[in-house]
Amino acid sequence: MVNNFKATLKAFSKNEYKKAKIFLATQVAQMMGRKLEEDDWTKVYCMAKGIPYTGWSNLHIDVSYKGLGVEQKILRVSGLRGRPIKSVCGTTMMHPAATRSIRIDDTKQPAEDVMHDIFRQYSDLIDIRTKKVREQAPNKKKTDIRIGWLLWEDSLTEFLYFEQPLEAPQAENYYAEWNETPPKGVRKGSRSLWIYERDTNKKRYSVTTSAGIKIQPYFDVPAPSDENLYYFRVQSEPLNSETIQIWVTSRTAKAIRRIIGNLDKNIVSDMIIKASKFSSTGNIVVSTDEDIAQPIHVTRKAFEIFKSTWEGVSDEHSAQLFLETLHEME
């Protein structure tokens, strides 16, 4: 749960950003198309910034290191229909459940009273987490508490990330109303608390009361020009009009190199075109080691053949299918 739009914060140095891209590419290659989880991104984030990775949990702040605290939230962007993920920049999005640590004692109370109580609870939660982060700070005083938003799409090709200050909203800046949804067919009726920003009348939170209390915050995605908005493309990445960069595990890259000699763009591209005339029937073995992803450059023509011939859930999956064909050709 966050308050209305605020300035973004610098999350990565140039070197950390480069590392984050490589580690994210590695994570995606290992996932073989499965759904992205909060733990996946938290792991990438910590590795990129040189922060000890302690695992993800919804019981405490996700990243806490030397006074820095980051609450990580990820959100799948669906319905792009071929549009780039940057098309959501400048829009307002809703997170389905930012926190489940809030309780409502009586849903029959006036909406404004419930809103004040929710904000009080949220403020207390932030204070508790800030205190824990402060305990790890070098001087036990200075803390930097943030919320990080990672947006991703189904193919795990493009990602957006940005951070903002994590602060409790001030009740005087908002007003609330109850929203009643009547029963429909077998579905029961429900009651939600809708909270609006006074200055703009924009909805900023929806608080569900059925099937457990959960806060659904609305947040603004920064413009593409925001210097603190980080864009990652970790699959099928166009480098120029003639070259596409695919990302695969180093294990797969080494296996391809062993068969065809090297990973020169023209040699790999020629082999893709040649191998496309064969069919692969081998079984794919998912790599479970932590080898760093490696980029391989191919021509645009070879890339189109590569993706249409070996239809995988990711660059790594397609590369493994291609590798199986190479084995058959030996």
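Conventions adopted
- Residues numbered from 1 in each chain as written.
- Predicted model: local features only at pLDDT ≥ 70, side-chain atom pairs only at ≥ 80, totals over all residues.
- Heavy atoms only, no water.
- Helix = DSSP H or I, 4+ residues; strand = E, 2+ residues; numbered from the N terminus.
- Expected span 1.5 Å × (residues − 1).
- Buried < 20%, exposed > 50% of the residue type's maximum accessible area, 1.4 Å probe, protein only.
- 1 Å grid on protein atoms, 1.4 Å probe; cavity = no way out; pocket = protein on both sides within 12 Å on 5 of 7 lines; lining within 4 Å.
- Points joined across faces, edges and corners; volume = space filled by probe spheres on them.
- Nonpolar A, V, L, I, M, F, W, Y, C, P; charged D, E, K, R; others polar.
- Pairing = 2+ DSSP bridges.
- Axes fitted to C-alpha atoms, helices over the stretch in contact; angles between N-to-C directions.
- Contact = heavy atoms within 4.5 Å.
- Parallel < 35°, antiparallel > 145°, perpendicular 65-115°, else oblique.
- Left-handed = near helix turned anticlockwise from the far one by under 90°.
- Salt bridge = Lys/Arg side-chain N within 4 Å of Asp/Glu carboxyl O.
- Phe/Tyr/Trp six-rings, centres within 6.5 Å; stacked < 30°, edge-to-face > 60°.
- Lys NZ or Arg CZ within 6 Å of the ring centre and 35° of its normal.

Enquirer: How would you sum up helix α2 (residues 38–49)? Please name residues and give values.
Expert: With 12 residues, α2 extends 17 Å from end C-alpha to end C-alpha; this agrees with the ideal 16 Å at 1.5 Å per step. Buried residues of α2: Asp40, Trp41, Thr42, Val44, Tyr45, Cys46 and Ala48, and no others. At the exit of α2 stands Gly50, carrying a positive phi of roughly 70°.

Enquirer: How would you summarise empty space enclosed by the protein if you had to cite specific residues and measurements?
Expert: Summed over all chains, the structure comprises 1 cavity of 30 Å³ or more. Within this model, the largest cavity holds a volume of roughly 40 Å³. Contributing to the lining of the largest cavity are Ile246, Ile256, Val268, Ile272, Ile296, Val298, Phe306, Ala319 and Phe322. For the lining of the largest cavity, the elements supplying multiple residues, two or more each, are α5 (265–275), β13 (293–299) and α7 (315–329). Taken together, the residues of the lining of the largest cavity sort by class into 9 nonpolar, no polar and no charged.

Enquirer: Just give me the short version of the sheet that holds strand β12 (residues 243–249), but keep the residues and values in it.
Expert: Read from one edge to the other, the open sheet built from 3 strands follows the order β11-β12-β13, with strand pairing classed as antiparallel. Only two strands of the sheet have a single neighbouring strand rather than two, namely β11 (237–240) and β13. If you compare each strand with its neighbour and ignore which way they point, the axes differ by 35° on average. Packed on one face of the sheet, helix α1 (residues 14–31) meets β11, β12 and β13 and runs near 65° to β12. Contacts between α5 and the sheet are confined to β12 and β13, with β13 contributing the most and set at about 75° to the helix.

Enquirer: Please set out the packing of α5 against helix α6 (residues 300–309) residue by residue, giving values where relevant.
Expert: Running from amino to carboxyl end, α5 crosses α6 at an angle of 40°, the nearest separation of the two axes being 9 Å. Judged by the angle between their axes, α5 and α6 are oblique. Here the hand of the crossing between α5 and α6 comes out left-handed. Side by side, α5 and α6 meet where Ser269, Ile272 and Ile273 of the first sit next to Lys301, Ala302, Ile305 and Phe306 of the second.

Enquirer: Can you lay out the pattern of salt bridges for me, pointing to particular residues and giving the numbers?
Expert: Tallying each qualifying case throughout the model produces 16 salt bridges. For Lys202, the salt bridge is made with Asp220, and the minimal N-O distance between the two is 3.5 Å. Residue Lys202 is found in the loop between β7 (190–197) and β8 (203–208), and its partner Asp220 is found in strand β9 (residues 214–220); the two are separated by 18 residues along the sequence. Bridged by salt links that share partners, the residues Glu197, Lys202, Arg204 and Asp220 form one connected network.

Enquirer: So what's going on with the environment of Glu158? Which residues, and what values?
Expert: Tracing the chain through its elements places Glu158 in strand β5 (residues 158–165). Distance in space between the C-alpha atoms of Glu158 and Ser236 is 9.8 Å, their sequence separation being 78 residues. Apart from the residues lying within four places of it in its own chain, the contact partners of Glu158 are Pro84, Ile85, Leu151, Trp152, Glu153, Tyr231, Phe232 and Arg233.

Enquirer: If you had to explain the packing of aromatic side chains to someone new, which residues and values would you point to?
Expert: This model, assessed by the stated rule, comprises 19 aromatic pairs. Measuring from centroid to centroid gives 5.6 Å for Phe12 and Tyr45, while their planes differ by 55°, and the two rings are tilted. Here the residue Phe12 occupies a position in the segment before α1, and Tyr45 occupies one in helix α2, the gap between them amounting to 33 residues. Note on accessibility: Phe12 and Tyr45 belong to one class, buried. For the pair Tyr174 and Tyr205, a centre-to-centre distance of 5.9 Å together with 55° between the ring planes defines the contact as tilted. One end of the pair, Tyr174, is in strand β6 (residues 174–181); the other, Tyr205, is in strand β8, with 31 residues separating them in the sequence. An identical accessibility class is assigned to Tyr174 and Tyr205; each is buried. A cation over an aromatic ring shows up here: Lys86 above the ring of Tyr231, its NZ or CZ 4.6 Å from the ring centre.

Function cannot be read off these values alone, since they describe shape.
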